[in-house]
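So you can see what is in the structure, the chains are spelled out below.
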Amino acid sequence: MSEFKTVKSSRITISQLMLPSHTNFSGKIHGGYILSLLDQIAFACASKYSGNYCVTASVDTVNFLNPIEVGELVTLKASVNYVGNSSMIVGIRVEAENIQTGEVKHCNSSYFTMVAKDETGKNTKVPVLILSNFEEVRRFYNCVKQVAIKKEQNLHEEIFDFKSDEAISGLSNYNVKLEIN
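Residues numbered from 1 in each chain as written. Predicted model: local features only at pLDDT ≥ 70, side-chain atom pairs only at ≥ 80, totals over all residues. Heavy atoms only, no water.

Peer 1: Which residues make up the sheet that holds strand β3 (residues 53–64), and what are the values?
Peer 2: Strand order in the open sheet formed by five strands is β2-β4-β5-β6-β3, with antiparallel pairing between adjacent strands. The outermost strands of the open sheet, each flanked by one partner alone, are β2 (12–17) and β3. Ignoring which end each strand starts from, the neighbouring axes of this sheet average 25 degrees apart. Relative to strand β6 (residues 104–117), strand β5 (residues 87–97) runs antiparallel, the two being bridged by 11 bridges. Bridge pairing links V90 to F112 in β6. Taken strand by strand, helix α1 (residues 31–50) contacts β2, β3, β4 (73–83), β5 and β6, and its axis lies near 135 degrees from that of β3. Each of β3, β4, β5 and β6 touches helix α2 (residues 134–159); the most contacted strand, β4, lies at about 75 degrees to it. (Pairing = 2+ DSSP bridges. Helix = DSSP H or I, 4+ residues; strand = E, 2+ residues; numbered from the N terminus. Axes fitted to C-alpha atoms, helices over the stretch in contact; angles between N-to-C directions. Contact = heavy atoms within 4.5 Å.)

What follows is the structure, encoded as structure tokens:
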């Protein structure tokens, strides 16, 4: 395994024609089908970069921006945007092209945290990420922020007393009714 790798070395692109069998009840491409494709490309991207088998640790963001129609050519583009010791954040962009008109629309942006595993299933170190341009620096810092927010959320969950009088009275600010027996 190389000690250093570029973002470019992690890039993966896949394209697939959307078929009627991929639709939901409204006739659009099912979000679950797109999620499956996202997970596949995140795995391929992280495994290519790390040189190891990788698992999905978390799906950090999935923004469905525009519906995808039957007959459109969907292209997923992925790259490693951030690395930790054994983890990587893979950014994925999904575009759909109307193959008759050539019109392309941005349909989804997603971020998956993937973890590299060795032959015994233990976490293993990934190469240092070489940032080659300011767009890669921007993406890296966006992931640094994402990691910090996730850590803060986890800490908040650990220390927040949801049974306190303050927390219970605070529920009046939300669209809930408390009926605890």
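Still to come is the rest of the account.
Peer 1: Describe in detail the packing of aromatic side chains, supporting the description with residues and values.
Peer 2: If you walk through the whole model with that rule in mind, you get three aromatic pairs. On the basis of an interplanar angle of 80 degrees and a centroid distance of 6.2 Å, the ring pair of F140 and Y141 is categorised as edge-to-face. Judged by its relative accessible area of 56%, Y141 falls in the exposed class. The ring centre of Y49 lies 5.9 Å from the NZ or CZ of K5, which sits over that ring. (Phe/Tyr/Trp six-rings, centres within 6.5 Å; stacked < 30°, edge-to-face > 60°. Buried < 20%, exposed > 50% of the residue type's maximum accessible area, 1.4 Å probe, protein only. Lys NZ or Arg CZ within 6 Å of the ring centre and 35° of its normal.)

Peer 1: Would you mind going over the layout of surface pockets in detail, with residue names and values included?
Peer 2: Within this model, the largest pocket holds a volume of roughly 360 Å³. Around the largest pocket sit 19 residues that line it, and N81, G91, I92, R93 and R139 are the ones nearest its centre. Looking at the lining of the largest pocket, the elements with two or more residues in it are β2, β4, β5, β6 and α2. Top contributing element to the lining of the largest pocket by residue count: α2, with five residues. Class assignment of the residues belonging to the lining of the largest pocket gives a composition of five nonpolar, nine polar and five charged. (1 Å grid on protein atoms, 1.4 Å probe; cavity = no way out; pocket = protein on both sides within 12 Å on 5 of 7 lines; lining within 4 Å. Points joined across faces, edges and corners; volume = space filled by probe spheres on them. Nonpolar A, V, L, I, M, F, W, Y, C, P; charged D, E, K, R; others polar.)

Peer 1: Tell me about the pattern of salt bridges, and name the residues and values.
Peer 2: The tally for this structure, following the rule as stated, stands at nine salt bridges. Here K105 and E72 are joined by a salt bridge, their closest N and O atoms 3.4 Å apart. You can see K105 sitting in strand β6 and its partner E72 sitting in the loop between β3 and β4, a full 33 residues away along the chain. The partner of K77 in a salt bridge is E95, with the nearest N and O atoms 3.4 Å apart. (Salt bridge = Lys/Arg side-chain N within 4 Å of Asp/Glu carboxyl O.)

Peer 1: An account of the nonpolar core is needed here, citing residue identities and associated values.
Peer 2: Note on soluble globular proteins: their nonpolar side chains tend to be buried together. One finds I68, M88, V90 and I92 to be the most contacted residues of the largest nonpolar core, which totals 34 residues. For this core, the elements supplying multiple residues, two or more each, are α1, β4, β5, β6 and α2. Broken down by element, this core gets its largest block of residues, eight residues, from α1. (Core = buried A, V, L, I, M, F, W, Y, C linked by side-chain atoms within 4.5 Å.)

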